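Listed below are the residues making up each chain.
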Amino acid sequence: MTQIRVRFAPSPTGFLHIGGVRTALFNWLYARQQKGVFVLRIEDTDQGRSTDESIQAIIDGMRWVGLDWDEGPFRQTERIALYRDYAMKLLIQGQAYWCVCTPEELEGRRREAEAKGLSPRYDGRCRNLGIKEPTEEAALRFKAPQEGHTVVDDLIKGKIVFENQVLDDLIILRSNGYPTYNFSVVVDDALMRITHVVRGDDHLTNTPRQVPIFEALGFPVPRFGHLPMILGSDKTRLSKRHGATSIMAYKEMGYLPEAMVNYLARLGWSHGDQEVFSRQELIEKFSWDHVQKSAAVFNPEKLLWLNHEYIKTSPPDSIVQELVPLLVRAGMEDEVRAVSKEWLAQLVVLVRERTKTLTDMVMWVTPYFGQRVAYDEEAAKKYLTPTVAPALEKLLNRFQSFPAFSKPEWEEAFKQLVEQEGMKMGQLAQPVRVALTGRTASPGLFDVMEVLGRERTLDRLRQGLERARASATTDASAAR
RNA sequence: GUCCCCAUCGUCUAGCCUGGCCUAGGACGCCGGCCUUUCAAGCCGGCAACACGGGUUCGAAUCCCGUUGGGGACACCA
């Protein structure tokens, strides 16, 4: 059995987008499952549009989602000599010819054909001219077969038959000496001994154009698989209009790479009713025959849900690791340095079921750092009032009588006080919540206290009490 | 215009190959309820789909043909 070799071959003309990542993922999953080889190849033969920043973006994106490659990254621009050699081979074999039609002429004829309702194909004008040594600028064209048919047995779509008469003679070498896509892919896929070419749906009709080139060059023809596209909510091809499409944008928004991988795998592929897969499970369970044939709409809500699932179930330590850089970036470097990793993990557990992204988590976690509480003004105004000050003070006294924090004891003391004062739970809970966190929404009060610890809980209660009393004077002066 | 692909709830999908277990299952979202010190989470329930038309068959989401609709390709882009 020969070893499986697959590749991801993006062109570096922008950031790495969601669709590209999914194509890479399916290739990667198959490679890992089959103990094969995953090759990364940069298709940068379009001099005008390719940039180094884009190459870096591809590499960064692949690394972030953890799709590691075994060979490459290869750059086609470093392999130009190779393509020329093989192009010359075709010329010598009589399977390619020089074409001196200028791009302008071609464009004109194409438009004419279209106006007449004909196929805008190359008319084969130079095919039988037999130009040996072109004296002017010339491109090299492949002599495509004109009869018979080409059969592609696609891994995803099944058997597809193309009539060769719909093919035209495509340019394989531009007049500037650079190969075109349909030629360089063939040479590279052959030379890199790719066994399974898996790419976007949009390449499906390129396949019957490429197969004859493999054959003319005497290369074995690989298997092909064409992945359906990813659409935006309006069912048009996913693009910037639909919001974030760059993979790194999701990192910025606080998504976990594992959630992204899980979501993308499940978009267009399924394994029964299962929704959540570990990376290892994906590798084990992936299969071409459960890849959907039709395009899929990208659903940010479901991704968000999955991200939350991962935030809730990942080991807190690993979340801490992702979170810390975000806290630092939010200007809390000193605060983070002052606490232990263990405490941070505790904090993550405290808030994780109400944070769908790491960015959410930063927001939720900030009140627990530092000595002073930053009150939400509206919350403080509403709940830290002179009316609650006496109860707050009694609570503080009770808590102070405990030498250490104990969740059941403190909770019991709290409830007793509420009862004695003839209050409702919420009447004291909300002011305490604001005192402890500065906000009206938080995790369970006693869980908050546990994370804060005895001293800081008492301290914040004191601060809250002060504020409650202070607002009395404010009220009084306002009344006057 | 020509060629190719595709078609199950709003969305992702199971089922289709190997017809009956499908009065079509799950998930996201949405709606309602329970729980509850807030916000979540959790639990329970609900709404919601086989594009259409012909066949084949005792029986079709499943097989065949057609129609319609959507998408892709037809560059000296990839």
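All of these numbers come straight from a predicted model, not from anything done at the bench.

K.L.:
What am I meant to see in the overall build of chain A here?
P.N.:
Of regular secondary structure, chain A possesses 20 helices and 12 strands. The C-alpha atoms of chain A give 32 Å as radius of gyration, which overshoots the globular expectation for 480 residues (23 Å, by more than 25%). In terms of principal-axis extent, the alpha carbons of chain A reach across some 105 × 55 × 40 Å. The proportion of buried residues among the 480 residues of chain A is 50%. Total accessible area computed for chain A in this model is approximately 23,400 Å², and 50% of it derives from carbon and sulfur atoms. With 63 positive and 64 negative side-chain charges, chain A shows a separation of 2 Å between the mean positions of the two kinds.

K.L.:
What is the right way to look at the sheet that holds strand E8 (residues 171-173) in this model?
P.N.:
The pairing of strands in a sheet happens through backbone hydrogen bonds and is either parallel or antiparallel. Pairing is antiparallel in the open sheet, where three strands are placed in the order E4-E5-E8. The sheet is open, and its two borders are formed by strand E4 (96-99) and E8, each paired with just one other strand. Pairwise comparison of adjacent strand axes, ignoring direction, gives a mean angle of 45 degrees for this sheet. As paired strands, E4 and strand E5 (residues 139-142) are joined by four bridges and run antiparallel to one another. Residue pairing across strands places Tyr97 opposite Arg141, the latter belonging to E5.

K.L.:
What exactly am I supposed to notice about the nonpolar core here?
P.N.:
What tends to happen in soluble globular proteins is that the nonpolar side chains get buried as a cluster. Counting residues in hydrophobic clusters, the biggest one holds 109 residues, and the most contacted among them are Met62, Trp288, Phe298, Phe399, Phe414 and Val432. In terms of residues, this core owes the most to one element, helix H1 (residues 18-33), which gives nine residues. Those residues within four positions of Val432 in sequence are excluded, and the remaining contacts are Leu392, Leu395, Phe414, Leu445, Met449 and Leu461.

K.L.:
So what exactly am I meant to see when it comes to the protein's contact with RNA strand B here?
P.N.:
As a structural note, the neighbourhood of RNA strand B is formed by 68 residues, with Gly117, Arg174, Gly268, Arg354 and Arg433 the closest of them. Among the atoms of RNA strand B close to the protein, meaning within 4 Å, 69% are from sugar or phosphate groups. Taking Val297, its main chain carries an N or O atom lying 2.9 Å from a phosphate oxygen of RNA strand B. Separating a base nitrogen of RNA strand B from a side-chain N or O atom of Arg354 is a distance of 2.5 Å. Looking at the surface near RNA strand B, the elements that each hand over two or more residues are helix H4 (103-115), strand E7 (158-163), helix H5 (181-191), strand E12 (296-297), helix H10 (300-313), helix H18 (425-437) and helix H19 (445-452). Among the elements that line the surface near RNA strand B, the one with the most residues is H10, at five residues. In terms of residue class, the surface near RNA strand B is built from 24 nonpolar, 22 polar and 22 charged.

K.L.:
Just checking my understanding: could you explain the pairing of strand E3 (residues 71-75) for this structure?
P.N.:
Successive residues of a regular strand alternate their side chains across the two faces of the sheet. Strand direction decides the pairing type here: strand E2 (residues 37-42) and E3, joined by three bridges, are parallel. Bridge pairing in E3 places Ile42 opposite Arg75. In this fold, E2 hands off to helix H2 (residues 52-64), which returns the chain to E3; that crossover is right-handed.

K.L.:
Honestly, the state of the cysteines in this entry has me stumped. Any pointers?
P.N.:
What we call a disulfide is simply a covalent bond connecting the sulfur atoms of a pair of cysteines. Taken as a whole, this structure holds zero disulfides when the rule is applied. Free cysteine: Cys101, not disulfide-bonded; nearest cysteine sulfur from Cys126 at 3.6 Å.

K.L.:
In this structure, what is going on with the pairing of E7? I would like to understand it.
P.N.:
Taken together, the six bridges between strand E6 (residues 149-154) and E7 define a ladder with antiparallel strand orientation. Pairing of Thr150 across the sheet is with Phe162, part of E7.

K.L.:
Would you take a moment to explain unusual backbone geometry for this structure?
P.N.:
Comment: phi is negative for the bulk of residues other than glycine, and the bulk of peptide bonds are trans. Going from Gly72 to Pro73, the amide bond is cis rather than trans, its omega being 5 degrees. Residue position: Pro73 is located in strand E3. Here the phi dihedral of Lys35 falls at roughly 55 degrees; this positive angle occurs in a residue that is not glycine. By the secondary structure assignment, Lys35 is in the loop between H1 and E2. In this structure, Arg193 is a non-glycine residue whose phi angle is positive, near 55 degrees. Summarising the element assignment, Arg193 is placed in the loop between H5 and strand E9 (196-200). A residue is classified by how much of its surface remains accessible, and Arg193, at 53% relative accessible area, is exposed.

K.L.:
Can you walk me through the pattern of salt bridges in this structure?
P.N.:
On inspection of all chains with the given rule, the structure shows 37 salt bridges. Note that Arg5 is salt-bridged to Glu71, the shortest N-O span being 2.8 Å. Of this pair, Arg5 sits in strand E1 (residues 5-8) while Glu71 sits in strand E3, placing them 66 residues apart in sequence. The exposure class of Arg5 is buried, given its relative accessible area of 6%. Relative accessible area serves as the criterion here: at 27%, Glu71 is assigned to the partly exposed category. Two residues, Asp169 and Arg127, come together in a salt bridge whose shortest N-O distance is 3.4 Å. Taken together, the positions of Asp169 in the loop between E7 and E8 and Arg127 in the loop between H4 and E5 put the pair 42 residues apart, joining distant regions of the chain. There is no split in this pair, since Asp169 and Arg127 are both buried.

Scoring rules and cut-offs
Residues numbered from 1 in each chain as written. Chains lettered and ligands numbered in written order. Predicted model: local features only at pLDDT ≥ 70, side-chain atom pairs only at ≥ 80, totals over all residues. Heavy atoms only, no water. Helix = DSSP H or I, 4+ residues; strand = E, 2+ residues; numbered from the N terminus. Rg over C-alpha atoms; globule rule 2.2 N^0.38 Å. Buried < 20%, exposed > 50% of the residue type's maximum accessible area, 1.4 Å probe, protein only. Areas by Shrake-Rupley, 256 points an atom, 1.4 Å probe, with all protein chains shown as cover. Lys, Arg positive; Asp, Glu negative; His and termini not counted. Charge placed at Lys NZ, Arg CZ, Asp CG, Glu CD. Pairing = 2+ DSSP bridges. Axes fitted to C-alpha atoms, helices over the stretch in contact; angles between N-to-C directions. Core = buried A, V, L, I, M, F, W, Y, C linked by side-chain atoms within 4.5 Å. Contact = heavy atoms within 4.5 Å. Near = heavy atom within 4 Å. Polar contact = N/O pair within 3.5 Å; in protein donor to acceptor, adjacent residues only side chain to side chain. Nonpolar A, V, L, I, M, F, W, Y, C, P; charged D, E, K, R; others polar. Right-handed = clockwise from strand over helix to strand, strands pointing away. Disulfide = S-S within 2.5 Å. Salt bridge = Lys/Arg side-chain N within 4 Å of Asp/Glu carboxyl O.

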